[in-house]
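One-letter residues, chain by chain:
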Amino acid sequence: MGRWRYIAQRTTTQDFLDWDVPFVADSVPRRELNGPGAMTGTINPEYMRLMARPDGLPVITEWATTLYAEYAGLIRWGGLVTKVSYQGQAMRLECAGFSAYPAGQPYFGSTIQSGIKIPQKYAYEGRDKNHDGYIDGSKPKRKMPPRPKDKVSRRWDSYEVVRHIWNHLQGYKDGNLGLVVDKHQSGHLLGASNGEDPWTLQWWDTPDCGAVITDVMNLAKADYRERHVWDGSSREKILHYLDLGTRRLGRARTELRFALGENIIELATPGGQGDFFANQVYVLGKGTGSKAARARVAVSDKRLRRARVITRKSTSNIKTLTSYGKTERAKHSAQLTIPSIAVRHHPNAPLGSWLVGDRILVQVDVPWVGELAIWHRVTAEEVDPEAGVAVLNLTRADYYG
């Protein structure tokens, strides 16, 4: 039987500060899909190892300490200490994963113009003042040559922008987390191919780095998840990765079985959407007032019309706005959902055999409904290897199209 060990590291230098911090977690760390996850807890009472280090900072310092949770030799979670407070003799810590870092950070990098129209010079500009289609003063009369087609600037892939933002942030002094972002492409190019709906990133627009990442990931219908692992058996360095994938990041785990009475020991009450339900979605895009781009997605389902409005000001492309609307409408459908389950370690699905983002078939018996088998996505997890139990937060897999 292993035990939880908490390891402290100086964030800016990645020097290890303490290999066994006396941290008492409120619960097991939470890992999330498309989110930083969290870990909270206390250190009580004060201990001398936490006093100032040679760099002048205490071991535990906001935005200067990284805390890892290790169990049975595996890094189960890693994140930044974002808040320190005191309750009597206890030091209280709040930690968030590395992907929380871009949120609220200003962008001051180079300008990106993706899919912007580039007008080409027309040598005969202004040489048909009477608009008869001929070159003024030409003898014999010659027709005006056709205008050269406008060119369109290179279109950036959504993942290129994610990597660009992280490179920008980690390029600053004291900004490098050592996070490695996936190198592949999403296949979604920003801006329209005809140059009519360019996507731009300009520092004078005061963009928020975290919001930009969220925007381009949504446009690509993509997911991310972060992970932290030891670098080999020497355990002298911890590596950090940000995995990127399409909306199907993860895979269908047909070889695993999740069934009530076998390995599901508890489930949140299944239900519909209640006030969250909507069968029509209006998406407002780029533009102001009556000139704002707008798309509507509706379904006739024999229910009373309920509408919801969302904004996506980054684009005026109707196809893109409609795609946003379809995804949003699916989230607000009336389909029965199982919000979360608690599962025990079992040969059907041993703890750690799935990943956040995977799709699992949940088989339960619900009063008034009967036996159900519904594919859900694992959107967050809290795994407690000591107790042999994991709590999985779920979303219906068909919400993602």
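What you are looking at is a predicted structure, and each value in this text was computed from that prediction instead of being measured.

Caption draft 1: Local environment of the pattern of salt bridges. Within the structure shown, the criterion is met by 22 salt bridges. When the shortest N-O distance is used, the salt bridge between Glu70 and Arg5 registers 2.8 Å. Here the residue Glu70 occupies a position in strand β6 (residues 65-71), and Arg5 occupies one in strand β1 (residues 4-10), the gap between them amounting to 65 residues. A salt bridge links Arg257 to Glu262, with the shortest nitrogen-to-oxygen separation between them at 2.8 Å. For Arg257, a relative accessible area of 34% gives the class partly exposed. Connected through salt bridges with shared partners, the residues Arg251, Arg253, Glu255 and Asp358 form a single ionic network.

Caption draft 2: Summary view of the pairing of strand β22 (residues 359-366). Bridging between strand β16 (residues 258-259) and β22 involves 2 bridges; their strand directions are parallel. Each residue of the ladder has a partner; that of Phe258, found in β22, is Val362. Strand direction decides the pairing type here: β22 and strand β23 (residues 370-384), joined by 8 bridges, are antiparallel. By the bridge assignment for β23, Gln363 is matched with Ala373.

Caption draft 3: Layout of the sheet that holds strand β20 (residues 307-311). Ordered by their spatial adjacency, 3 strands build an open sheet running β19-β18-β20, and the pairing between neighbours is mixed. Each having just a single partner strand, β19 (294-298) and β20 make up the two edges of the open sheet. Ignoring strand direction, the axes of neighbouring strands in this sheet form an average angle of 20 degrees. Pairing between strand β18 (residues 280-284) and β19: 5 bridges, direction antiparallel. Paired with Val283 across the strands is Ala295, a residue of β19. Against the sheet, helix α3 (residues 318-331) engages β18, β19 and β20, with an angle of about 35 degrees to β19.

Caption draft 4: Structural detail: the pairing of β18. Burial of β18 is extensive: 4 of the 5 residues sit out of reach of the surface. For β18 and β20, the ladder comprises 5 bridges, and the chain directions are parallel. Considered in β20, the bridge of Leu284 is made with Thr311.

So, how was this worked out
Residues numbered from 1 in each chain as written. Predicted model: local features only at pLDDT ≥ 70, side-chain atom pairs only at ≥ 80, totals over all residues. Heavy atoms only, no water. Salt bridge = Lys/Arg side-chain N within 4 Å of Asp/Glu carboxyl O. Helix = DSSP H or I, 4+ residues; strand = E, 2+ residues; numbered from the N terminus. Buried < 20%, exposed > 50% of the residue type's maximum accessible area, 1.4 Å probe, protein only. Pairing = 2+ DSSP bridges. Axes fitted to C-alpha atoms, helices over the stretch in contact; angles between N-to-C directions. Contact = heavy atoms within 4.5 Å.

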